[in-house]
Amino acid sequence: MGATVAAQSTGTLRILCEPAGSCEYLLDGRHRKKDRELSLMEGPHRFVFWAPERRVLDTTLMVMPNALREARIQLRYSEEFIAYNRKLRRFQRDDRWLRYGTPVLAAGAGAWFGVSLWRTVDAQRAVDDLAEAYRTSASPAGIAELKRTDIPEANRELRQARTMAFVSGGALALSGAALWYVRSVRSKRQPPVFEDKERARFEGLAWMPAHEGHGAWMASLTLPLR
């Protein structure tokens, strides 16, 4: 056995893992590392790779004696992160609508009510002016024209302006209530939380050596924090 061990050679393994800088791995089920270049005994070695938001990759890499070998590892996004990212984008889209859409509608309703109120005041002034002209006019033809055309038209425009002011005022009140409701809803909404189950799986594979050759498998529980 001693001759066999002595005959074994070492080799160098260079690990190029994406995403770079956050990739970790377990070597042969015992050693948790981040090193990018390792000197190992020749032969197969088990690697379990993981990075935040990525899937665990369990693979075997061969170390060649007296040689340098590069291993390129590409970790894919985990299914949990893909689902979380989809929920987060939907939450952000809805939040933008709640944050900006309702105030824009309220501002539009306010502008509509302001214009309608101005038209109502202007139409009332026109009716008052025509009524004054009717009282002070000394021309029979002018009085007849006022009664036949001008005063009925002015009254019609006043009714329309009052109706528009009433409708726009109701829209303004509704938009104000909607704005208050949306603000109360936004204050209670919570963004989705990402639970990295792949991390718990990876950390659960770690072997913690103890005295006299004994050890223990360490499982972990990841709690999401905001």
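Note that this is a predicted model, so its numbers are computed, not measured.

Engineer: What should I look at first to understand the packing of aromatic side chains in this one?
Structural biologist: Within a pair of aromatic rings, the relevant descriptors are the distance that separates the centres and the angle that separates the planes. Under the counting rule described, the total for this entry stands at 8 aromatic pairs. The interplanar angle of 10° and the centroid separation of 5.6 Å between the aromatic rings of F47 and F49 together place this pair among those described as stacked. The exposure classification of F47 matches that of F49, with both residues buried. Relative to F81, the ring of Y77 lies with its centre 5.2 Å away and its plane at 20°, an arrangement referred to as stacked. According to the relative accessible area criterion, F81 is buried, its value standing at 12%. Put simply, the rings of Y77, F81, Y84 and F194 pair up and form one aromatic cluster. The ring of Y77 is capped by R54, whose NZ or CZ atom sits 4.0 Å from the centre of that ring.

Engineer: Whenever I open this one, the pattern of salt bridges confuses me. Can you help?
Structural biologist: Between side chains of opposite charge, pairing is possible as soon as their charged atoms come close. Inspection of every chain in the model, using the stated rule, returns 17 salt bridges. Linking R148 and E145 is a salt bridge whose minimum nitrogen-to-oxygen distance equals 2.5 Å. Taken together, the residues span about one helical turn, with R148 and E145 both in helix α3 (residues 140–188) at a distance of 3 residues. Residues joined by salt bridges that share partners form a network here, namely E24, R32, K34, R199 and E203.

What counts and how
- Residues numbered from 1 in each chain as written.
- Predicted model: local features only at pLDDT ≥ 70, side-chain atom pairs only at ≥ 80, totals over all residues.
- Heavy atoms only, no water.
- Phe/Tyr/Trp six-rings, centres within 6.5 Å; stacked < 30°, edge-to-face > 60°.
- Buried < 20%, exposed > 50% of the residue type's maximum accessible area, 1.4 Å probe, protein only.
- Lys NZ or Arg CZ within 6 Å of the ring centre and 35° of its normal.
- Salt bridge = Lys/Arg side-chain N within 4 Å of Asp/Glu carboxyl O.
- Helix = DSSP H or I, 4+ residues; strand = E, 2+ residues; numbered from the N terminus.

So, to be careful, I would describe these as geometric facts and stop short of saying anything about function.
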